[in-house]
Each structure stands twice: as structure tokens, then as C-alpha cells.
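# Residue-level structure breakdown
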2 protein chains.
Amino acid sequence: MHSVEFTAESSSNGVVERDFTVGEVTGALWSPASGSDRAPLVLMGHGGGMHKKAPAMAGRAHLLVTGCGFHVATIDAPGHGGRPRTAHDEQEIAVMQQAMAAGEPVGPIVVRYNAHLAERAVPEWQATLDALQELPEIGAEGPVGYFGLNMGTAIGVPLAAADPRITAAVFGIFWPESLAEAAKQITIPIEFVLQWDDEHIPRQSGLALFDAFASKEKTLHANAGAHKEVPRFEADSAVRFFARHFGRAVTSSA
Amino acid sequence: MHSVEFTAESSSNGVVERDFTVGEVTGALWSPASGSDRAPLVLMGHGGGMHKKAPAMAGRAHLLVTGCGFHVATIDAPGHGGRPRTAHDEQEIAVMQQAMAAGEPVGPIVVRYNAHLAERAVPEWQATLDALQELPEIGAEGPVGYFGLNMGTAIGVPLAAADPRITAAVFGIFWPESLAEAAKQITIPIEFVLQWDDEHIPRQSGLALFDAFASKEKTLHANAGAHKEVPRFEADSAVRFFARHFGRAVTSSA
């Protein structure tokens, strides 16, 4: 088993950000600057073409750390954030770019390629979680959440289905074809985000993926707007969702 | 024009509660105990068979007053809360109770009867709002919100369509048949609540009513569960919705 190796550290606004590796996997861990008390951990998955410290990741991490005192970890997905691409990665990315340039539907390609990436990413996430839980400020007893939209959902749904350490999750903005079977195995509380006017994901498809989760407690947040127009207040809502389930008051005015 | 006549006053947990009448209409107004600064006003509509100070009304009023410093007003719907019932009210209520006792669908009766009540209630709300805006602590310039589910939506949707003073609203848990036309005229920001497993309102009907609103900014919150199982955290969410649109920070940890 690989352990967490920290490679860089910085600090801003009460949040310590540490780059790390677990074997070949590159990640980032955000933690409260104030102390080393054990606190819940939220794993965050980035979107396609993004990376572990993309602005959405860093912004959500700061909300979760300063709002609730949680630890937040991201890792670069396979072939993302400077991690090496395979020949298969290069080929799928080229096909996707051709479809976009030609104005053809990208959904079937994204669904297929992200399902492939999830097969590689799930064991990487599990090894990363094993290693993070060895850190004294995290430990193996605390609750673990997962928060990821788009490709972060394509990877997160099979991860949550496979790993019982994840006890609450925020998902959304994906097609059901590759994920509904895994979603049917998931019973943890879910908050699910979709865009009501998504130009890529048909409305009934988005609703079908939400419907597939077996969770007794699940909430759909559907906002008017296009695929990339998820409102910023959904990040605040995700913070409150984890605060509610992990028993922490939100201390900011978010 | 009738003015507000206060008939009783009490105070608890930083909130002043005043019963009032505006002509024949009986209402309640909750305000911050701390001061008389002008603040936004949220109108709240109660559900069928309930009244102006039902627990859900008082609970939401306290959240809005203590969380945001807003004023909150409710009125008894026609035939509700001790207000006189007409022969037509008595007849419709008897038909509804028969249907419930027989296990027959109540939806068509609720839709028809609540549409009738809305015709009587909308002018009452408008006269009440006229009178409330004469109070120095409210005034005619501040924003006005509306928050009502079930029958509160059956009355609130035509009210919001008719009265441009209402600039943000939380609706939900109702059928589209009697409301979709009014919803199509509404362009203000909307938060809309529905129950994913509602035994009375078909899922596609609930979604159709959300879809009907012309608002550019609208958010659907759909929760797993039956008709009467709307989670309590939706009240907290409504508070944050009004805080966002009326420019007030939420000061509690809700």
C-alpha cells in the first residue's frame, strides 16, 4: 500500500493546501489552518478536461473547509492534470474534439470514455482514501463524502457503489446509460444537480439517473439554464448537505 | 381602503408576533423584536385546512425573522382559521371528505375548490398588502416575497401573476391543471418544491407545473418521499432563497 507523500504546501484565508502523491496518483488536500482535530473528509471529483486544482475544485474546497472545518481531497483523473495519457485516451479525446467541431452529439462519446476512465479511477480513489485515512488528522473512523459533477459523477457513482466508506454524496449533470445500474446499488443520502435546459443531456435522461438511486433520502436540484450554467449557489447547497449529514454547523453566512 | 388593525401581540425568541385584521381578513405579522428599520416582507400562504398560525407558518416565520430580519405576514384563507364558510365551502369540503373516506382521488376536487378559493383570496391578499405597506416598518418600496406550498401555491401563483410587487416566490406541491396558465405569466425568480413519490400528484404533473413558469431563474427541489413528507430543510432553503434575492445574509446557522 502506498502512503501519502506531500510535495508542496501553501496557506490562504485559514485554509492549508497540500499537494500530494499516492503512488502514481497526484492530488491536493485542503484542511483547516486552525487545528489538527479529526474532521470528516470530502472527496471531490473534477470535470472532464479539468484537474485537481481547477478553480471549481479550489473554490468548493475553501467553502467546505471554512464553512464546516472538513478536510477536502481531490485527485487528477487518469490522463488529466499532467498525468500521462494512453493511446486510447488520445484517440477518444480526438474523436470527442472532432464531434464538437462538427456540431455532432458528444454525449455517446463522453458516456463511453468516462465509463472507461471510471474503471481506472475507482481503484485509484480507493487507494488514495486508504492512504488519507492513515493521516492522524483524518483517521479511519470519520465520515467520508463525495462531491463531483459531470465526469466527477461518472467516476463518483461507481466509486460510491463500490466503497461503503462513502456515506453521503453530491452528484449530477450526467447521462444514465452507463451509471443507472451502479446508482441502483446506492442507498446513501444523495443531492443531485441537473440543468433543466441542458443542451447535451435530455431532461428525461437527467431525471432517470436521479430516479435510479435507491437512496431513501435523495434531493434533486434542477435549475433553469444550459449545461454549463449550474448556479454557484449549488456549491453552497452542497456544503450544507454535507454539514447536515456529518453533523457540523455551517459557520459562514453561505 | 382598510388599514391594519392590531388585535393581539406577543413576543418570543427575538420575534414579535401581532395578530391583525384588514377588514374581514384575519392575519398575523411576525417582525424582529430588535428594531423598526424597514425590512423586506414575505407573505406566506398556508395549506388547505390549516390557518394563519399553524405550526408550519409560525416555524417558517421565525426562521425568516431571526435568520434575515424580514417581516412575515400570513392571512387565513377564505373559510379557514375561524373565518366563515359559505354553503359552497361546506359542500366542497363534504365532497372532499367523502372522496378521502372512500379512498378515491382527491386531486380533481382540490384543484377545483382551491381555484375557487384563489379567486376570493387574491383580492384579499392585495388589500392586505396595500395595508401592510402603510406600516412605517414595512413601507411601499421594499421587496415583497411569497412562500406557500399546497393550497398556498394554488393561491400564490395567481397572486404573483396579478401583483408585480411580489418579486421572488417559493411554490410547490400542486397540480398544473388550474395553475399552468398563470405560471406562464410569471417571470420572477422561483424556488419550486415537489415530492418525487407524491401519491396524489403524478410526478409528470408536478414537473409540468415547474416547467410552466416563464422565470429565467427557477430551481426545482424534488425530494424522495410522499405528499406530506416535505423535508424540514426545505424551509431553511426558502430562507436562503429570499436572503439571496433580497440581499440579506442569513445570520443563523440554518
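Going along each chain's sequence as written, the residues are numbered from 1 onward. Just so you know, chain letters begin at A and ligand numbers begin at 1, following the order they were written in. Residues qualify for local features only when their pLDDT is at least 70, as the model is predicted, and side-chain atom pairs are given and counted only at 80 or more; totals for whole chains, interfaces and linings, by contrast, use all residues. Neither water nor hydrogens contribute to the side-chain values; these are computed over all heavy atoms in the structure.

Going by an unreviewed UniProt entry, chain A carries the name Alpha/beta hydrolase and comes from Streptomyces inhibens.

### Examining the overall build of chain A
Under the scheme used here, helices are H or I runs from DSSP no shorter than 4 residues and strands are E runs no shorter than 2 residues, and both carry numbers assigned from the N terminus. If you tally the helices and strands in chain A, you get 7 helices and 9 strands. A radius of gyration in this sense is built from C-alpha atoms; the matching globule rule multiplies 2.2 Å by the number of residues raised to 0.38. The globule rule puts the C-alpha radius of gyration for 254 residues at 18 Å, and the 17 Å found for chain A is close to it. In terms of principal-axis extent, the alpha carbons of chain A reach across some 50 × 40 × 30 Å. The accessible surface values rely on the Shrake-Rupley method and a 1.4 Å probe; as for residues, cover is taken only from the protein chains in view. Of the roughly 10300 Å² of accessible surface on chain A, a fraction of 52% belongs to carbon and sulfur atoms. Counted charges follow a simple rule, with Lys and Arg positive, Asp and Glu negative, and His plus the chain ends left uncounted. Every charge is mapped onto a representative atom, which is NZ of Lys, CZ of Arg, CG of Asp or CD of Glu. Charge centroids of chain A, computed over 19 positive and 29 negative side chains, lie 3 Å from each other.

### Points about helix 1 (residues 55–68) of chain B
All names here are of chain B. A helix is expected to reach a length of 1.5 Å times the quantity of its residues less one. Taking 1.5 Å of rise per residue, 14 residues should cover 20 Å, and helix 1 covers 20 Å from first to last C-alpha, within 8% of that figure. Using a 1.4 Å probe on the protein chains alone, a residue whose accessible area is under 20% of its type maximum counts as buried, one over 50% counts as exposed, and one in between counts as partly exposed. Those residues of helix 1 that sit buried are Met 57, Arg 60, Ala 61, His 62, Leu 64, Val 65, Gly 67 and Cys 68. Just downstream of helix 1, Gly 69 is the residue with a positive phi angle, here 75°.

### Description of empty space enclosed by the protein
Definitions used throughout: a 1 Å grid over protein atoms alone; a cavity as a set of points that fits a 1.4 Å probe which cannot get out; a pocket as an open set with protein on both sides within 12 Å along at least five of seven lines; a lining residue as one with an atom within 4 Å of a point. Grid points are joined across faces, edges and corners, and a volume is the space filled by probe spheres set on the points. Counted under the stated rule, the structure contains 6 cavities of 30 Å³ or more. Size it by volume and the largest cavity reaches roughly 160 Å³. Of all elements in the fold, only helix 7 (233–245) of chain A together with strand 9 (218–223) and helix 7 (233–245) of chain B reach the threshold of two or more residues within the lining of the largest cavity. Here the residues of the lining of the largest cavity are counted per class, giving 2 nonpolar, 5 polar and 8 charged. Throughout, the ten residues Ala, Val, Leu, Ile, Met, Phe, Trp, Tyr, Cys and Pro are labelled nonpolar, Asp, Glu, Lys and Arg are labelled charged, and all others, Gly among them, are labelled polar.

### With respect to the relation of the copies chain B and chain A
Rotating chain B by 180° and moving it 0.0 Å along the rotation axis overlays it on chain A with an RMSD of 0.0 Å. Each copy turns onto its partner about a two-fold axis. For chain B, the residue whose C-alpha comes nearest the rotation axis is His 221 of chain B, separated from it by 2.4 Å. We call two residues contacting when some pair of their heavy atoms lies within 4.5 Å. With an isologous cut-off of 70% or more, the 100% of interface residues of chain B that recur at the interface of chain A puts this contact in the isologous class. Only residues with pLDDT of at least 70 in both copies count here: their C-alpha atoms drive the least-squares fit that superposes the copies.

### Describing the pattern of salt bridges
All names here are of chain A. In what follows, salt bridge is the name for a side-chain nitrogen of Lys or Arg lying within 4 Å of a carboxyl oxygen of Asp or Glu. Per the stated rule, a full pass over the model turns up 28 salt bridges over all chains. The partner of Glu 92 in a salt bridge is Arg 112, and the shortest N-O contact between them spans 2.7 Å. Taken together, the positions of Glu 92 in helix 2 (residues 87–101) and Arg 112 in helix 3 (residues 107–132) put the pair 20 residues apart, joining distant regions of the chain. Of the charged contacts, one joins Asp 163 and Arg 165 as a salt bridge, the two residues approaching to 2.8 Å between their closest N and O atoms. Here Asp 163 falls in the buried class, since its relative accessible area comes to 3%. Within the structure, one salt-bridge network assembled from shared partners comprises Glu 17, Asp 19 and Lys 53.

### Here's the deal with the side chain of Asn 114 of chain A
By secondary structure assignment, the location of Asn 114 of chain A is in helix 3. Owing to a relative accessible area of 6%, Asn 114 of chain A belongs among the buried residues under this scheme.

### Focus on the interface of chain B and chain A
The interface of chain B with chain A comprises 23 residues on the first partner and 23 residues on the second. Accessible area that two parts lose when put together, evaluated with a 1.4 Å probe and summed over both, is termed the buried area. Between chain B and chain A, the buried area comes to about 1800 Å², and carbon and sulfur atoms account for 55% of it. At the boundary of chain B with chain A, the tally comes to 2 salt bridges. Asp 211 of chain A is the salt-bridge partner of Arg 203 of chain B, the closest N and O atoms lying 3.1 Å from each other. Counting of polar contacts relies on pairs of N or O atoms within 3.5 Å, with two restrictions inside protein: one atom must be capable of donating a hydrogen and the other of accepting it, and residues adjacent in sequence are counted only when both atoms are side-chain atoms. In this assembly, chain B and chain A are joined by 11 residue pairs in polar contact (both at pLDDT 80 or more).

### Observations regarding the packing of aromatic side chains
Stacked, edge-to-face and tilted are the three classes for Phe, Tyr and Trp ring pairs, Trp counted by its six-membered ring, which pair at centre distances within 6.5 Å; planes under 30 degrees apart are stacked, over 60 edge-to-face, the rest tilted. Tallying each qualifying case throughout the model produces 22 aromatic pairs over all chains. Ring geometry for Trp 125 of chain A versus Tyr 146 of chain A: centroids 6.1 Å apart, planes at 80°, classification edge-to-face. Of this pair, Trp 125 of chain A sits in helix 3 while Tyr 146 of chain A sits in strand 6 (residues 144–148), placing them 21 residues apart in sequence. Side by side, Trp 125 of chain A and Tyr 146 of chain A carry an identical accessibility label, which is buried. Residues Phe 242 of chain A and Phe 246 of chain A carry aromatic rings whose centres are separated by 5.9 Å and whose planes lie at 40° to one another, so their mutual orientation is tilted. Residue classification places Phe 246 of chain A among the buried residues on the basis of a relative accessible area of 10%. Within the aromatic cluster, the residues linked to one another by ring pairs are Trp 125, Tyr 146, Phe 171, Phe 192, Phe 210 and Phe 213 of chain A together with Trp 196 of chain B. Above the plane of the ring of Phe 210 of chain A lies Lys 218 of chain A, whose end atom (NZ or CZ) is 4.9 Å from the centre. In this scheme, Lys NZ or Arg CZ marks a charge over a ring once it lies within 6 Å of the ring centre and within 35 degrees of the ring normal.

### With respect to the packing of helix 1 (residues 55–68) of chain A against helix 7 of chain A
All names here are of chain A. Angular values range over 0 to 180 degrees, each being the angle between N-to-C directions of two axes fitted as lines to C-alpha atoms, with helices fitted over their stretch in contact. Relative to each other, helix 1 and helix 7 sit at 40°, their axes nearing to 10 Å. In terms of orientation, helix 1 lies oblique with respect to helix 7. Regarding helix 1 and helix 7, the two cross each other, and that crossing is right-handed. Every residue of helix 7 that contacts helix 1 at Arg 60, Leu 63, Leu 64 and Cys 68 is listed here: Ala 235, Asp 236, Val 239, Phe 242 and Ala 243. When the residues that make up the contact of helix 1 with helix 7 are grouped by side-chain class, the tally is 7 nonpolar, no polar and 2 charged. Here the word oblique covers every angle except those under 35 degrees (roughly parallel), over 145 (roughly antiparallel) and from 65 to 115 (roughly perpendicular). Two helices crossing with the near one rotated counterclockwise from the far one by less than a right angle form a left-handed crossing, whereas a clockwise rotation gives a right-handed crossing.

### Looking at helix 7 of chain A
Residues and elements named next belong to chain A. For helix 7, which comprises 13 residues, the first-to-last C-alpha distance of 19 Å matches the rise-based estimate of 18 Å (1.5 Å per residue) to within 8%. With 10 of 13 residues buried, helix 7 lies mostly within the body of the structure. Turning to helix 7, its buried residues number three or more, namely Phe 233, Glu 234, Ala 235, Ser 237, Ala 238, Val 239, Arg 240, Phe 241, Phe 242 and Ala 243. Gly 247, located one to two residues past helix 7, shows a positive phi value of around 70°.

### With respect to the state of the cysteines
Criterion for a disulfide: a pair of cysteine sulfur atoms within 2.5 Å. Taken as a whole and assessed by the stated rule, the structure comprises 0 disulfides over all chains. Of all cysteine sulfurs, the one in Cys 68 of chain B lies closest to Cys 68 of chain A, which takes part in no disulfide; the gap is 19 Å. The exposure class assigned to Cys 68 of chain A is buried, which follows from its relative accessible area of 5%.

### Brief notes about the side chain of Lys 52 of chain A
For Lys 52 of chain A, the location among the structural elements is in the loop between strand 4 (41–45) and helix 1. Once you skip the residues sitting within four places of it in the chain, Lys 52 of chain A turns out to touch Thr 26, Gly 27, Ala 28, Trp 30, His 46, Met 57, Thr 74, Ile 75 and Asp 76 of chain A.

### Quick word on the pairing of strand 6 (residues 144–148) of chain B
Residue and element names in this part refer to chain B. Burial analysis of strand 6 places 5 of its 5 residues in the buried class, which makes it a mostly covered element. Of the two faces of strand 6, both are covered, the one formed by Val 144, Tyr 146 and Gly 148 as well as the one formed by Gly 145 and Phe 147. Only strands joined by at least two bridges in the DSSP assignment are considered to pair. Direction of pairing for strand 4 (residues 41–45) relative to strand 6: parallel, over a ladder of 5 bridges. By the bridge assignment, Met 44 is partnered in strand 6 with Phe 147. By convention a crossover is right-handed if, when the strands point away from the viewer, the path from the first strand over the helix to the second runs clockwise. Taken together, strand 6, helix 4 (residues 151–162) and strand 7 (residues 166–172) constitute a β-α-β crossover, and its handedness is right-handed.

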